[in-house]
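Listed below are the residues making up each chain.
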Amino acid sequence: MRMSKTEFIKMTRRPTLHLMATMACNLRCSYCPVKNWLLKDPTDELLSDPNLIELFDNAKEPYYIYLGGGEPLLSPELPHLMQSYGPKRHRFTFDTNGAFNRKKLAKILDQIDSEWFGYFDISHHIDQKVPLKTIIGTCEEFRSRGINHFVKYIGRPSDMTQIDENIKTLEENEIGTWVSLYMGPDSKIGGDIISNRTLPGDYTDDEIKR
Ligand code: SF4
C-alpha cells in the first residue's frame, strides 16, 4: 500500500544511511560522477560488507536507507538485504535510472515486499536516449505495486524543450516530476561543456526560461 504523507515525513526524519548498492550500471552517462569505477556486471559485494551488516544488526531504531550506485536495482544482494532488514522496519529508497525492460524489473521486484520501499527517485537520462515509454513502463510497474515514485530530469538549458514535452506526457499519465539544472565546474554533458555552473544563479534567466 502507498505510504501516507505523514508516514513519509516520519521516515525521512529517521537516521539516514546513504549507500552505494553496486558499482554496476546499465548506462554510461558522460557526466556520471563515478564513471571511472563503473562495472558491467554487479560482481561487487557492497551490500554484504561485514561493517554494514554489523551496523544493521546493532541499529537501535530503523534506518531510512537511500541506495544509489551505479544502478542499485542491479545488485544481486539487494533482495537478501531487504528481506533481512525490511521486516525490522528499515525502509529503502532508490536513486534509479529506470532504464529497465518491464519484465526484468518485475522479476527483481517480485523478490521484495513492496512495504519495505520508501520511494523511487527515477532519473531519466535523456542524454543516454532512454525512451520515455521505458520510463513510463517503469512507473506503471511501481504504481501496480503501490510503490511511491517520481521522475527527475537533470538537464542543460538546451534540453529544456525536450524535458518540457516529456513532463507534459508524464503529467498526463499522473506521474510526478521535477527538474534540476546540471551544475558542476568544467562539466560536460553530451558534448556540451558547461563550466563554472556551481549555483543555480550561475544560469541566466534566458537559459532557464520555460
Ligand atoms: S545512470 Fe547514474 S550511475 Fe549509471 S552511468 Fe548514468 S549517472 Fe552514472
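Below you will find a few notes about this structure. Per chain, residue numbering runs from 1 following the sequence as it is written. For this predicted model, a pLDDT threshold of at least 70 governs which residues receive local features, and a threshold of 80 or more governs which side-chain atom pairs are given and counted, while totals over whole chains, interfaces and linings are taken from all residues.

So, the site of the ligand
The condition is simple: A residue counts as near a molecule or strand when its C-beta atom, positioned from the backbone, falls within 6 Å of it. Asp, Glu, Lys and Arg are counted as charged, while Ala, Val, Leu, Ile, Met, Phe, Trp, Tyr, Cys and Pro are counted as nonpolar; the rest, among them Gly, fall into the polar class.
Taken together, Cys-25, Leu-27, Arg-28, Cys-29, Cys-32, Lys-35, Gly-69, Gly-70, Glu-71, Asn-97 and His-125 form the complete shell of residues around the ligand. For the shell around the ligand, the per-class residue count stands at four nonpolar, four polar and three charged.

Examining the nonpolar core
What counts here: In this usage, the nonpolar core is the set of buried Ala, Val, Leu, Ile, Met, Phe, Trp, Tyr and Cys residues whose C-beta atoms join them within 7 Å. Counting other C-beta atoms within 10 Å of each residue's C-beta, where C-beta atoms are placed from the backbone, gives the exposure class: buried for 20 or more, exposed for 12 or fewer, partly exposed between. Per the convention used, a helix needs a DSSP run of H or I reaching at least four residues, while a strand needs a run of E reaching at least two, with both numbered from the N terminus. Remark: residues whose backbone-derived C-beta atoms lie within 7 Å of one another are considered to be in contact.
Core analysis: the largest hydrophobic core is formed by 27 residues, its most contacted members being Leu-67, Leu-78, Met-82, Phe-92, Phe-120 and Val-151. Elements that contribute at least two residues to this core include exactly strand E2 (64-68), helix H3 (78-85), strand E3 (91-96), strand E4 (117-123), helix H5 (132-144) and helix H6 (160-172). When sequence neighbours within four positions are dropped, the list of residues in contact with Leu-67 reads Leu-19, Ala-21, Pro-72, Phe-92, Thr-93, Phe-94 and Asp-95.

Things to note about the pairing of E4
For the record, the criterion: By this definition, two strands are paired if DSSP reports at least two bridges between them. The handedness rule is simple: strands pointing away from the viewer, and a clockwise path from the first strand over the helix to the second, make the crossover right-handed.
Counting buried positions along E4 yields six of seven residues, so the element is predominantly enclosed. As paired strands, E3 and E4 are joined by four bridges and run parallel to one another. Residue pairing for E4: Thr-96 is matched across the bridge by Ile-122. Traced from E3 through helix H4 (residues 102-109) to E4, the parallel crossover comes out right-handed. The sheet contact formed by E4 and strand E5 (residues 148-155) spans five bridges and is parallel. Bridged to Ser-123 within E5 is Lys-152. You can see the chain leave E4, run along H5 and come back into E5, and the turn it takes is right-handed.

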